[in-house]
Amino acid sequence: MTRADYTVPGLTGALLALLAVHPFLPGWALNTIGLSLAVGLVVLGMLVLKRAGLVSFGQGLYFGLGGYGAAMAGVFLGVTDFFLLCLFGVLAAGLVAFVLGFLLSRYRGIFFAMLSLAFSMILYGLLVNSAALGSTDGFGVAPPTYLGYDTGGGSRLGFLLYGLTCLLSFGCAVAVHRYLASTMGYIGEGIRENEVRVEYLGTSVRRAIHVKYVMAAALAGLGGVLTVLFIGHVTPDDTVYWTRSGEFVFVTILSGTGNVAAPFLGAILFELIRTYALQYAPNFWQMLLGSTLLLVILFLPGGLWSVGRLIRGRRHGGA
Amino acid sequence: MVVLEARGLNKSFGAVVAAADINIAFREREVVGIIGANGAGKTTFINMVTGYLKPDTGTILYRDRPITGLTSREITRLGIHRSFQVPQIFAELTVFDNVLAALGIAAAIRPGFWRPLRTPELSARADAILERYHIADYHDQMAGALPQGVRKLLDIAMAMVGDTSVLLLDEPTSGISADEKMNEMDTVMAALKAADVTVLFVEHDMEVVERYAQRVVAFYDGAIIADGAPDAVLNDTDVRTYVIGPELHRRA
Amino acid sequence: MLTLTAILVDGVVYASWLFVVAIGLTLIYGVMNILNIAHGSLYALGAYAAAWAVGEYFAAGYPPFGSFAVLLLAAIAVGLLFGLVIERGVLKWMYGRDEIVIVLVTYAVFLILEDVMKLVWGVESYMPYQPRYLLGNVDIGGLPFVVYDLALVGLAVVVGGAVWFGINRTRPGKLLHAVIFDREIARAMGINVTRVFTVTFVIGAVLGALGGAFTAPLISVVPGIGVEVIVLAFAVVVTGGLGSIEGAAVGALIVGLGRATAVHLLPQVELFVVFGVMTLVLALRPQGLFGRTVVRKI
């Protein structure tokens, strides 16, 4: 007997709610939601990898490639269209992931984690040391146009950017949800549990991991584009530096992998706490992150989403 | 008709000789028991045939086609499947999901990524497999929490998914209590009979071997020391010395 | 010619620094299968402790050459203390869990310690430069070098030799080998694996702090110095093969010389060279130069 799956209706409800409250929320709230959804996208990609047993400590690489891809398309190619910018960002991230995936798909565990970190630091070094790529100052990003429609330099918190961000997040969440229920999704679970058996069933573990890696990169790239459009600026420190990747890992563990909605919930919680912490106690922010991470690992290894499961009292596979 | 053949197989791990010039052929639909002391080379043989290990020298042929050096998954796709001494299952998935995943993977070379795996038809087929191997009662249990006998059956059930032509069972009854052994083998052999496969099973329990094997192959120190009808092999002096022991105790 | 000399000397000095920092990391991994991200914190703690101690020492007007002992003692003190706190206080609850979970735990500890250091020592920079100039300068091939920097090479050799000797020629070292090879069997043979773990971790921590303490006179000690160290140390250790002392030495040399070449010829690609070399080695030999592969038995 399978439990009824309320994920898609739940996500739809959330989408409609988010869209509906737009006129009523203050600017900072819209900003937080937008940035949280972008982080949620990155963590959604990491959820796919974590289901397969892998943790990437370097998603900042693709988050940054997304942001820089969009920014540079604007600065060097004069692109302003929202959809084209997203395409540039996602392609930049996806192509690099495709190439790096040939090496990374051979590794697991600690190696996979630290190699991904290393690659993100390589990009960081390249960006910081090259004036043509903006060095530590990065690039400014103008508000986008939408298929020709120009908001006339209007606020970044206008309905179009916010609404499209919500829509894209919804779309990706639903797509990943379907993916996880497909054969590839089950292969991911299999890889986590027993790679030997997966190979003996007749499918390539490496190829599957390669695909998942590119997926996660594309999602992170999209998150990067959206973030950069909300903030209006992209720098290496905000996107590619290891601290950003570390934050993504934190949110992944905090959220748990039980459901595609978990990353977004974890991301919103994270953004809210971060805003307050950086404002009132900036020298305690890392301690707070570290302590919370320890507590979650010790006492709630399935992340926040598993609280829902505990309440419902049912056990279901897939941590 | 010869379905699986090994010619001149050699494999050493440092000073340990696991395979010493193995030459053997198996015919379609044979049921062969493979016996030998621990370390005699039986599992190494299975590992080489199924692509997990590469022989140092020698060839393996499947229906006259050389398959030495192919990967495990390529060999699986050709129809050579195996079960494991330690059951290789997905511990944190339910028994049903284990079989479902196996079916999904076996179904297509390129795994689907959009259509849900759990369709009514595939679920029905998975349920049928659980029934056939008498593990339907464990449908929703975590595979990692199963008793050993059920684990073995699940392992074998997963091995049989897809088009199986040759099935290698590595110690299918090891770790199972004496009363349960025959039940389990009965279940397995009944399921396999319907499927028309060549079965090679490694066994330490001579009663199981006597009961099911049409032919017995005995390994010792990486070499085959006897090969023939069960009666002949089990009474062979060398086999008695190196494998079974001087007397065969029969249950009343 | 001058550039070549500069590259060689800088490369070897940098390699020595890398080696001292990385050897603790590889030791802990080799014995306990833990990649200790908090190793970067131990490095920083060693640097801070040394900086503070040196400051106090010179302010009190003690004989200058004693400051080397101060560096050593600061490292040992901080390594012992935090090594014990981390291993007994946090890690011991995590043994047996997935290796990636333990990495996350050491990452959490790293984050916490970053802010602890800010709490204890504030955010200003410390520059305990005094010990660096005590030994004067020397001329090599026409270029001036600070003797202290060159002495780092000596430190690396001494540390490497001591660790190698400890592992390969002493009885406790043999116990270590047993634990590295098979934890379960070692335990079954009566080896107190828990104690081996604690001792190993503390030694690794002291080594990390040592790296920081002796580097402190070269740099300005500020929050965040632990970060780049961890990434570099990882590159060195992975290139050489996780768990191998020889590998750490060779890895350090390769990375050190590679980086020195980049710095002198094309500074933008510094990090690129370091990780590029690592990637190349891994592409050709996934377990690193001296690492051992473990084939799963089925």
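Located above this text is the structure these notes cover.
Below you will find a few notes about this structure. (Residues numbered from 1 in each chain as written. Chains lettered and ligands numbered in written order. Predicted model: local features only at pLDDT ≥ 70, side-chain atom pairs only at ≥ 80, totals over all residues. Heavy atoms only, no water.)

**Section: the overall build of chain C**
Next, step 1: Assigned secondary structure in chain C consists of eleven helices and two strands.
Next, step 2: Ordered by position from N to C terminus, the α and β elements of chain C give α-α-α-α-β-β-α-α-α-α-α-α-α.
Next, step 3: Taking 298 residues into account, the globule formula puts the C-alpha radius of gyration at 19 Å, and chain C, at 19 Å, falls close to it.
Next, step 4: Once the C-alpha set of chain C is aligned to its principal axes, its extents read approximately 60 × 45 × 35 Å.
Next, step 5: Total accessible area computed for chain C in this model is approximately 12,400 Å², and 70% of it derives from carbon and sulfur atoms.
Next, step 6: Computed over 16 positive and 15 negative side-chain charges, the inter-centroid distance for chain C is 15 Å. (Helix = DSSP H or I, 4+ residues; strand = E, 2+ residues; numbered from the N terminus. Rg over C-alpha atoms; globule rule 2.2 N^0.38 Å. Areas by Shrake-Rupley, 256 points an atom, 1.4 Å probe, with all protein chains shown as cover. Lys, Arg positive; Asp, Glu negative; His and termini not counted. Charge placed at Lys NZ, Arg CZ, Asp CG, Glu CD.)

**Some remarks on the side chain of A:Glu189**
Residues and elements named next belong to chain A.
Next, step 1: Within the secondary structure, Glu189 is located in helix α7 (residues 183-193).
Next, step 2: For Glu189, a relative accessible area of 6% translates into the label buried.
Next, step 3: Engagement of the side chain of Glu189 in a polar contact is seen with the side chain of Arg51, the distance being 2.8 Å. (Buried < 20%, exposed > 50% of the residue type's maximum accessible area, 1.4 Å probe, protein only. Polar contact = N/O pair within 3.5 Å; in protein donor to acceptor, adjacent residues only side chain to side chain.)

**What to know about the interface of chain A and chain B**
How big an interface is tends to be reported as the loss of accessible area on association of its parts.
Next, step 1: Contacts between the two partners involve 30 residues from chain A and, on the opposite side, 34 residues from chain B.
Next, step 2: In this structure, B:Arg73 engages A:Glu199 in a salt bridge whose closest nitrogen and oxygen atoms are separated by 3.1 Å.
Next, step 3: Linking chain A with chain B are 18 residue pairs in polar contact (both at pLDDT 80 or more), by the criterion used here.
Next, step 4: Of all the elements in the fold, those that place two or more residues in the side of chain A that touches chain B are α6 (159-181), α7 and α8 (195-201) of chain A.
Next, step 5: Top contributing element to the side of chain A that touches chain B by residue count: α7(A), with eight residues. (Contact = heavy atoms within 4.5 Å. Salt bridge = Lys/Arg side-chain N within 4 Å of Asp/Glu carboxyl O.)

**Side note on empty space enclosed by the protein**
Next, step 1: Taken as a whole and assessed by the stated rule, the structure comprises five cavities of 30 Å³ or more.
Next, step 2: Considered as a void within the structure, the largest cavity measures approximately 110 Å³ in volume.
Next, step 3: In terms of lining residues, the largest cavity is bounded by 13 residues, among which A:Leu117, A:Trp242, C:Ile37, C:Tyr107 and C:Ile230 are the most central.
Next, step 4: Among the elements of the structure, α5 (109-128) and α11 (242-255) of chain A together with α4 (99-121) and α9 (225-240) of chain C are those that each provide at least two residues to the lining of the largest cavity.
Next, step 5: For the lining of the largest cavity, the element with the highest residue contribution is α11(A), accounting for four residues. (1 Å grid on protein atoms, 1.4 Å probe; cavity = no way out; pocket = protein on both sides within 12 Å on 5 of 7 lines; lining within 4 Å. Points joined across faces, edges and corners; volume = space filled by probe spheres on them.)

**Considering the pairing of strand β2 (residues 16-27) of chain B**
Residue and element names in this part refer to chain B.
Next, step 1: Alignment of strand β1 (residues 2-13) against β2, held across eight bridges, turns out to be antiparallel. In the sheet register, Phe13 faces β2, and the bridge partner there is Val16.
Next, step 2: Where β1 folds back onto β2 in an antiparallel hairpin, the turn is made up of two residues, including Gly14, whose phi is positive at roughly 60°. (Pairing = 2+ DSSP bridges.)

**Describing the nonpolar core**
Next, step 1: Judged by nonpolar contacts, the single largest core of 268 residues is most densely connected at A:Tyr62, B:Tyr133, B:Leu192 and B:Phe201.
Next, step 2: Here A:Tyr62 is in contact with A:Ala93, A:Val96, A:Ala97, A:Leu100, A:Tyr213, A:Ala217, A:Ala220 and A:Gly221, once residues within four sequence places are set aside.
Next, step 3: Among the nonpolar cores identified, the runner-up in size contains 28 residues, and B:Ile22, B:Ile34, B:Ile67 and B:Ile75 belong to it. (Core = buried A, V, L, I, M, F, W, Y, C linked by side-chain atoms within 4.5 Å.)

**Section: helix α4 (residues 120-132) of chain B**
Residue and element names in this part refer to chain B.
Next, step 1: Between its terminal C-alpha atoms α4 stretches 18 Å, which fits the 18 Å expected from 13 residues at 1.5 Å a residue.
Next, step 2: Restricting attention to buried positions, one finds in α4 the residues Leu122, Ser123, Ala126, Ile129 and Leu130. Projection of α4 onto a plane perpendicular to its axis shows the buried side chains occupying an angular sector of 120°, all on one side. Pointing more than 90 degrees away from the buried face of α4 are the exposed residues Pro120, Glu121 and Glu131.
Next, step 3: Buried residues belonging to α4 abut α3 (95-107) and α5 (148-159).
Next, step 4: His134 sits one or two residues past α4 and shows a positive phi near 60°. (Expected span 1.5 Å × (residues − 1). Arc of directions from axis to C-beta.)

These results come straight from atomic positions and should not be treated as a statement about function.
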